[in-house]
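# A structural walkthrough
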Amino acid sequence: MDYVLGIVIVICILALGAIVSTGNERQRKALENIRKQIEAWTMEDLRMRRAAAAREIQILDPRAWLEETAQRVFGSPQGIQEPEVWRENGTAAIVARAEEGRSLVFTPIPPQRFIKALNQRKRLGSAQVAILGKKPRRAACTELSVLNSGPFFDLEAQQVWQKLAGEKLPIDRLWMFEVHN
């Protein structure tokens, strides 16, 4: 009799565990579905806001925008002077002189490719000082995108690049090098 009662209790415990497990799985699926719906709604809301803002965003002073972007990275004003466009062999960048003899170089070209292009230029015998200084691999580099520079960074960067470089920005992010001269 004790064995029968023990077996019945074990079967009841296993059945209860199966019922709880099934309920938990159904609840997990329901929560996952709710999460997907919220994510879809948020994305659509963001698209609508960005579409409305795209018509309203006007960058009138590219220098001020570069100053504001650099300030987000460094946490303080950088004293950026009038930026200049630098081009060489299909490589483009915006060079802005900052306080303390530093330069900030903004480019849409990923760091490794940009440095490689500069090294190629050096091998061709250019006597000019490289835009990233004598040791380009040591220049501090920060990626700027909507993740760390504001939700409308790509739209604003597009306008600034268009005004300064006279061409469309090829991607939705920039890299900023800090060069100590």
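Below or above, wherever it landed, is the structure these notes cover. (Residues numbered from 1 in each chain as written. Predicted model: local features only at pLDDT ≥ 70, side-chain atom pairs only at ≥ 80, totals over all residues. Heavy atoms only, no water.)

## A closer look at the sheet that holds strand β5 (residues 174-180)
Across a sheet, strands are paired by hydrogen bonds formed along the backbone, either parallel or antiparallel in direction. For the record, the criterion: By definition, two strands form a pair when at least two bridges between them are found by DSSP. Strands are runs of DSSP state E lasting at least 2 residues, helices are runs of H or I lasting at least 4, and numbering of each runs from the N terminus. To get an axis, fit a line to the C-alpha atoms, keeping to the stretch in contact for a helix; angles then go from 0 to 180 degrees between the N-to-C directions. Note on contacts: a residue pair qualifies if any of its non-hydrogen atoms lie within 4.5 Å across the two residues.
Ordered in space as β1-β2-β3-β5-β4, the five strands form an open sheet in which the pairing is antiparallel. Here the strands that pair on one side only, and so sit at the sheet edges, are β1 (84-88) and β4 (140-144). Neighbour-to-neighbour, the strand axes of the sheet open up by a mean angle of 25°, direction not taken into account. Running at roughly 80° to β5, helix α2 (residues 62-74) makes contact with β2 (91-97), β3 (102-107), β4 and β5 of the sheet. Contacting β1, β2, β3, β4 and β5, helix α4 (residues 153-165) runs over the sheet at an angle of about 90° to β2.

## Topic: the pattern of salt bridges
We count it as follows: Only one rule defines a salt bridge in this text: a Lys or Arg side-chain nitrogen within 4 Å of an Asp or Glu carboxyl oxygen. Per-residue accessibility, obtained with a 1.4 Å probe over protein chains only, is compared with the maximum for each type, and a residue is labelled buried under 20%, exposed over 50%, and partly exposed between these values.
Tallying each qualifying case throughout the model produces nine salt bridges. Across the salt bridge formed by Glu25 and Arg28, the nearest N and O atoms sit 2.7 Å from each other. One end of the pair is Glu25 and the other is Arg28, both in helix α1 (residues 2-56) and three residues apart, which spans about a single turn. Under the relative-accessibility criterion, Glu25 is labelled partly exposed at 34%. Note that Arg35 and Glu39 form a salt bridge whose closest N and O atoms lie 3.0 Å from each other. Within this pair, Arg35 and its partner Glu39 are both found in helix α1, separated by four residues, close to a single helical turn. Take Arg35: its relative accessible area is 39%, and that puts it in the partly exposed class.

## A word on the nonpolar core
Convention followed: Put simply, buried Ala, Val, Leu, Ile, Met, Phe, Trp, Tyr and Cys residues joined by side-chain atoms within 4.5 Å make one nonpolar core.
Trp65, Leu66, Leu104, Phe106, Trp161 and Leu174 are the most contacted members of the largest nonpolar core, which has 22 residues in total. Every element with two or more residues in this core is listed here: α2, β2, β3, α4 and β5. Element by element, the count of residues in this core is highest for α4, at five residues. Setting aside its immediate chain neighbours within four residues, Leu66 contacts Ile80, Pro83, Ile94, Phe106, Val160 and Leu164.

## Observations regarding the side chain of Glu67
Selection rule: Just so you know, the count uses Lys and Arg for positive and Asp and Glu for negative, and it drops His and the chain ends. We call two N or O atoms a polar contact when they sit within 3.5 Å, provided that within protein one can donate a hydrogen and the other can accept it, with sequence-adjacent residues counted only if both atoms are side-chain atoms.
Of note, Glu67 is situated in helix α2. For the buried Glu67, no salt bridge exists, and the shortest N-O distance to an oppositely charged side chain is 4.3 Å, to Arg63. Within polar-contact distance, the side chain of Glu67 engages the backbone nitrogen of Gln78 at 2.5 Å. Leave out the neighbours within four places in its chain, and Glu67 touches Pro77, Gln78, Gly79 and Ile80.

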